[in-house]
Amino acid sequence: GKDLAWVYSTDVGEDDDWEEDDPRIDAWVVSTHQVESFVPPRMQIKEVCKVLLYCVLLEALGLHICENLDCVMNNNDSVGEMEKVPLRLCPTCMRKLHLMGVVEDVP
């Protein structure tokens, strides 16, 4: 069987009672199936890290999809596109994080 990774984002606290169809739940599910099926084994961890980083920055921090090709926040629709995206943010996205107060200026 294939391994799966899940990333959840929700407004439900640990002590809250909730049901599966609770409208407060906003979940992302990230499958590693495509990566395991089409990416060489030596590159799989890096590709899964890109997907997880993308989801965390998009959902948790509110960083939007980036049009710069040299940015992990660039949207991709296939494994081939994903392999071309670097595991780093472009200067524009770094500046956005700075303006959000997530990162500090580097002296």
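The shown structure was predicted, so the numbers you read here are calculated from the model rather than taken from an experiment. (Residues numbered from 1 in each chain as written. Predicted model: local features only at pLDDT ≥ 70, side-chain atom pairs only at ≥ 80, totals over all residues. Heavy atoms only, no water.)

## Some words on the overall build of the protein chain
If you tally the helices and strands in the protein chain, you get 4 helices and 2 strands. Starting at the N terminus and ending at the C terminus, the protein chain contains elements arranged as β-β-α-α-α-α. A buried classification covers 28% of the 107 residues belonging to the protein chain. Pairs at least 24 apart in sequence give 40% of the contacts found in the protein chain among residues at least 6 apart. When the accessible surface of the protein chain is totalled, it reaches about 7,700 Å², and 54% of it is carbon and sulfur. (Helix = DSSP H or I, 4+ residues; strand = E, 2+ residues; numbered from the N terminus. Buried < 20%, exposed > 50% of the residue type's maximum accessible area, 1.4 Å probe, protein only. Contact = heavy atoms within 4.5 Å. Areas by Shrake-Rupley, 256 points an atom, 1.4 Å probe, with all protein chains shown as cover.)

## A word on the pattern of salt bridges
One pass over the full model with this rule turns up 2 salt bridges. Taking the shortest distance from any N to any O, the salt bridge between Glu-47 and Lys-50 comes out at 3.2 Å. Taken together, the residues Glu-47 and Lys-50, both in helix α2 (residues 44-60) and 3 residues apart, mark about one turn of the helix. Lys-50 sits in the buried class, given a relative accessible area of 4%. Put simply, Asp-70 and Arg-88 hold a salt bridge, and the shortest N to O gap is 3.3 Å. With a gap of 18 residues between them, Asp-70 in the loop between α2 and α3 (79-84) and Arg-88 in the loop between α3 and α4 (91-99) connect regions that are remote in the sequence. Here Asp-70 falls in the partly exposed class, since its relative accessible area comes to 47%. What makes Arg-88 partly exposed here is its relative accessible area of 46%. (Salt bridge = Lys/Arg side-chain N within 4 Å of Asp/Glu carboxyl O.)

## Remarks on α2
With 17 residues, α2 ought to run about 24 Å at 1.5 Å a step, and its terminal C-alpha atoms sit 24 Å apart, in line with that. Inspection of α2 places Gln-44, Glu-47, Val-48, Lys-50, Tyr-54, Cys-55, Leu-57 and Leu-58 among the buried residues, and these make up the whole buried set. (Expected span 1.5 Å × (residues − 1).)

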